[in-house]
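The residues making up each chain are set out below.
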Amino acid sequence: MDTQKLQKVLAGRGLGSRREVEGWIATGRVTVNGETAHLGQRVGEGDVIALDGRRLGARSHEPSRVLVLNKASGVICTRRDPQGRRSVFEGLPKLRAGRWIAIGRLDIQTTGLLLLTTDGALAHRMMHPSTGLDREYAVRVDALLDESELQALTAGLIVDGERQRFSDVKYYDGSGRNHWYHVVLMEGRNREVRKLFEGVGARVSRLKRVRYGPVMLPSRLKRGAFAEMEQSDLENLYKLLKLTFQPQRGKVSRKRRASFLLPYPPLRHLRPVGPARPR
């Protein structure tokens, strides 16, 4: 019998990112054939899967969608917040099935590019360190760094017990106590940009993500606004990531908008991945 890992099946149905799904399984929220599931468990077509006691029906065949959001400061990247703060998931287009998944997160103060998708496999591929997608940030700090400090940021500093570094740092503009740099890093761990600058004695006063892999935040997108990625961009993004793309059926807009994608080096180390099988 042909089987797949449970977390892949659930993520592929747009229920959440692979990381979210693995958390559900680890905390006992998922059952297979009435028994609590475990990480790495494989399932086939005849298995009955339930989340929080609710049996999952057949997979929706909705086409994959991606939103490009210019996140504002003061907005969180989780769905619910005990403090009642605004969430990036508020005001997004309604879905007939599945839900929007954030591709990575930004802390409440950080602004800029945030991608949201209905495809858990795409979210997992883009977030996983082995994929090798870099992130670029525009950073305002309160000091002009000298050459030795710039070299330290690219050579690496010990942060939270681990050596972390920027793969690139470039001075952009500034004067007085406000200087802008553009930095590039691979994973974007929690507060990594801020902590690295703190390591050379500079305090970050503004932080904005401007690029995630091949996806660039366009200047036309106002803060707090989002735009949906068109089919041509989706097709190229899936091709780069070696994922199977399911094109939209029916009417497709002929009006061409500027692409969200920049030229990006081929990810030759990736293995092609097909869609999770319908259940």
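Keep in mind that this is a model prediction, so the values were computed, not measured.

**Describing the sheet that holds strand S3 (residues 35-36)**
Spatially, four strands are ordered S3-S2-S5-S6 in an open sheet, and the strand pairing comes out antiparallel. The open sheet terminates on both sides in strands that have one partner only, identified here as S3 and strand S6 (54-55). Pairing of strand S5 (residues 49-51) with S6, which is carried by two bridges, proceeds in the antiparallel orientation. Note on S6: the bridge partner recorded for Ala50 is Arg55.

**What about the side chain of Thr118?**
Tracing the chain through its elements places Thr118 in the loop between strand S9 (111-117) and helix H3 (120-127). Assessed through its relative accessible area of 15%, Thr118 is described here as buried. Side-chain polar atoms of Thr118 contact the backbone nitrogen of Arg65, separated by 3.1 Å.

**What to know about the pattern of salt bridges**
For the structure on display, the rule yields 12 salt bridges. Put simply, Asp81 and Arg85 hold a salt bridge, and the shortest N to O gap is 2.8 Å. You can call Asp81 buried: its relative accessible area is 17%. Looking at Arg85, the relative accessible area reads 32%, which means it is partly exposed. Here Lys195 ties to Asp160 by a salt bridge, and the two come within 2.6 Å at their closest N and O atoms. Of this pair, Lys195 sits in helix H5 (residues 192-199) while Asp160 sits in the loop between strand S11 (157-159) and strand S12 (162-164), and the two are 35 residues apart along the sequence. By relative accessible area, which is 25% here, Lys195 ends up partly exposed. When its relative accessible area of 61% is taken as the criterion, Asp160 is described as exposed.

Each value, and the rule that gives it
- Residues numbered from 1 in each chain as written.
- Predicted model: local features only at pLDDT ≥ 70, side-chain atom pairs only at ≥ 80, totals over all residues.
- Heavy atoms only, no water.
- Pairing = 2+ DSSP bridges.
- Helix = DSSP H or I, 4+ residues; strand = E, 2+ residues; numbered from the N terminus.
- Buried < 20%, exposed > 50% of the residue type's maximum accessible area, 1.4 Å probe, protein only.
- Polar contact = N/O pair within 3.5 Å; in protein donor to acceptor, adjacent residues only side chain to side chain.
- Salt bridge = Lys/Arg side-chain N within 4 Å of Asp/Glu carboxyl O.

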